[in-house]
Structures are given as C-alpha cells and as structure tokens.
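Spelled out from the first residue to the last, the chains are:
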Amino acid sequence: MAAASATDGVAAAALKSVLQRVQQTAERCGRGSDRIRVVAVSKTKPVSLLRQVYDAGHRCFGENYVQELVEKAPQLPEDIEWRFIGNLQSNKVKPLLTGVPNLAMVETVDDEKIANLLDRVAGNIGRKPLKVFVQVNTSGEASKYGVEPAGCVELVKHVTLRCPNLEFCGLMTIGMADYTSTPENFKTLADCRTEVCKALGITEEQCELSMGMSGDFELAIEMGSTNVRIGSTIFGAREYPKRQSN
C-alpha cells in the first residue's frame, strides 16, 4: 500500500499525457482522435493503481494473464471494458469467460481451435456474442504468437462463418522484441486488413487495427491503428516477482 500511495496521481497524469499525444498524432495525420482507443494495459499492477486511472475517467483496460484478470475484475467497477490481450491457452477459456462477465474482447485469436473454444463457451454460458480480434504475426518471429499473414483471411472467414457466438472486429499484432515495430510490421497488418475487407465485402471502418504499444503507438496511429495498448507509459515499469503462467 505504501508503494501505491507514493505514486498517487502519477498514473492519472501519465494517462492524460498519453491521451494528449494520441490527439496530437491523430491531428497531425488528419484523423479524429475519437476513433482511436487507448487500452490501459495493467498487468502486474495493483488494483489501487487501476482504480486511480479509472477515477480519472478511463474505462478500457487490458490484461495479459487470465488469473490476474479473474482476480482483479470483481474488485473494480462493472462498467470497465476488459480486453484480454495475452496468449490464451485452451484450458483457460472457460475460467476467463465465466470469471469476467464484463469481458469486452479477446484480442488474441490466432487459430481455429481457440476460436471454436471461445465460441462454444460463449454459447454455453449464454453471454452476448464475444468481440474478437484475429492476431497476426507480422514480424515473423518464432517467439510471437499469431497466424501467418498468408493465413489471416481464412482464419477470419472461419470466425465469421462458423463461430456464431463470436463477433469479428479487426486484426491485432505485437511489436518486435523491444516492443517497437518497424513501419513494415504495421504495413503488413494494414495489408491484411485490405485483403480481409475484400474477402468479406466490408469497409475498412468495419475492421479495426490493434497495433502500437508504449514505444511505438504514435507511429502505429500514423499507419492507421485504431487501438493502441499502453502499459508502462501509464503505469510505470512492470514488476515480475515470480514467473507467471497464463
């Protein structure tokens, strides 16, 4: 608690700074900042710090670990829009959906198996269709999850045609190992969107792009991102006391 009180107000001020940077970047490239969502990524951070950002008016939060999200969600207001942004293991699908009734989205659907599981569990518990992004590995790194760009359209088709309890909303990618991306990574995701929109007969406005993190979100916005995931810039450096599993 001492650590939380020592940082009182810092996270809220950092959020305000991030929102200003988002607005300035959007204006610079002729976009409306109201079309760009900031996901406050709160992994490893205490509920007290999340509450500070919530009290500053923010409602969209992202978590990487199922157990951490399941523990935090009941301690915070129900109007938070939780987004799961980590790799989702099969055995954690049911705990995630049942443990977080206000889960707004899973951003990391990277194969048909996980899509089918999410679809089945969402149907079984009778929740409204779960919004999802399809995760694409745009950097080609073996350490990164995500469908290969060449397989993106087929996975999106599977979600839209065979998963009635899922609502496809867009594409997501993660930056390079240092959490920054080159323009080529972001262009690859934008190209995937073009192919998906053509295949589904939808407009680009109907297919969001979740790309950009603390180190590269301004570049991502310049290249079309509608969803930026900001962690350490808002909450400070993460602390990992012990290795955590999903």
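Residues numbered from 1 in each chain as written. Predicted model: local features only at pLDDT ≥ 70, side-chain atom pairs only at ≥ 80, totals over all residues. Heavy atoms only, no water.

A. Focus on the pairing of strand 8 (residues 227–230). Burial of the side chains of strand 8 extends over both faces: N227 and R229 are buried on one face and V228 and I230 on the other. Examined bridge by bridge, strand 1 (residues 37–41) and strand 8 share four bridges and lie parallel to one another. Note that in strand 8 the partner of V39 across the bridge is R229. (Buried < 20%, exposed > 50% of the residue type's maximum accessible area, 1.4 Å probe, protein only. Helix = DSSP H or I, 4+ residues; strand = E, 2+ residues; numbered from the N terminus. Pairing = 2+ DSSP bridges.)

B. Structural view of the packing of aromatic side chains. The tally for this structure, following the rule as stated, stands at one aromatic pair. Ring geometry for F61 versus W82: centroids 5.9 Å apart, planes at 50°, classification tilted. Of this pair, F61 sits in strand 2 (residues 60–63) while W82 is found in strand 3 (residues 81–84), placing the two residues 21 residues apart along the sequence. The cationic tip of R59 hangs over the ring face of Y54; the distance from NZ or CZ to the ring centre is 3.6 Å. (Phe/Tyr/Trp six-rings, centres within 6.5 Å; stacked < 30°, edge-to-face > 60°. Lys NZ or Arg CZ within 6 Å of the ring centre and 35° of its normal.)

C. Seen up close, the state of the cysteines. One pass over the structure, following the stated rule, counts zero disulfides. No disulfide involves C163; its sulfur sits 13 Å from that of C169, the nearest cysteine. (Disulfide = S-S within 2.5 Å.)

D. The UniProt feature "modified residue: N6-(pyridoxal phosphate)lysine" (unreviewed entry) in the chain, seen in detail. Mapped onto the present numbering, the UniProt feature "modified residue: N6-(pyridoxal phosphate)lysine" (unreviewed entry) falls on K43. The residue K43 is located in the loop between strand 1 and helix 3 (47–55) in this model. (UniProt positions renumbered as here; feature names shortened; annotations may be inferred.)

E. The pairing of strand 4 (residues 103–109), seen in detail. Most of strand 4 sits inside the fold, with six of its seven residues counted as buried. Pairing of strand 3 with strand 4, which is carried by three bridges, proceeds in the parallel orientation. Bridging across to strand 4, R83 finds its partner in M105. Sheet topology places strand 4 next to strand 5 (residues 130–135); three bridges connect them, and they run parallel. When the bridges of strand 5 are listed, V106 appears paired with V132. For the crossover that starts at strand 4, traverses helix 6 (residues 112–124) and ends in the parallel strand 5, the hand is right-handed. (Right-handed = clockwise from strand over helix to strand, strands pointing away.)

F. Looking closely at helix 8 (residues 183–200). Look at helix 8: 26 Å from first C-alpha to last across 18 residues, which is about the 26 Å you get at 1.5 Å a residue. Buried within helix 8 we find N185, F186, L189, A190, C192, R193, V196 and C197. For helix 8, the buried positions fall inside an angular range of 155° around the axis, keeping them on one side. Exposed residues on helix 8 whose side chains face more than 90 degrees from its buried face are E184 and K198. Positioned one or two residues after helix 8, G201 has a phi angle of 70°, which is positive. (Expected span 1.5 Å × (residues − 1). Arc of directions from axis to C-beta.)

G. Broad picture of the packing of helix 7 (residues 152–162) against helix 8. Between helix 7 and helix 8, whose axes approach to 9 Å, the crossing angle comes to 45°. Put simply, helix 7 runs oblique to helix 8. Seen from above, helix 7 lies across helix 8 with right-handed handedness. Here C152, V153, V156, K157 and T160 of helix 7 lie close against helix 8, whose contacting residues are C192, E195, V196, A199 and L200. Partitioning the contact of helix 7 with helix 8 into residue classes produces seven nonpolar, one polar and two charged. (Axes fitted to C-alpha atoms, helices over the stretch in contact; angles between N-to-C directions. Parallel < 35°, antiparallel > 145°, perpendicular 65-115°, else oblique. Left-handed = near helix turned anticlockwise from the far one by under 90°. Contact = heavy atoms within 4.5 Å. Nonpolar A, V, L, I, M, F, W, Y, C, P; charged D, E, K, R; others polar.)

H. How the structure looks around unusual backbone geometry. Although it is not a glycine, T44 adopts a positive phi angle of roughly 70°. Relative to the helices and strands, T44 is located in the loop between strand 1 and helix 3.

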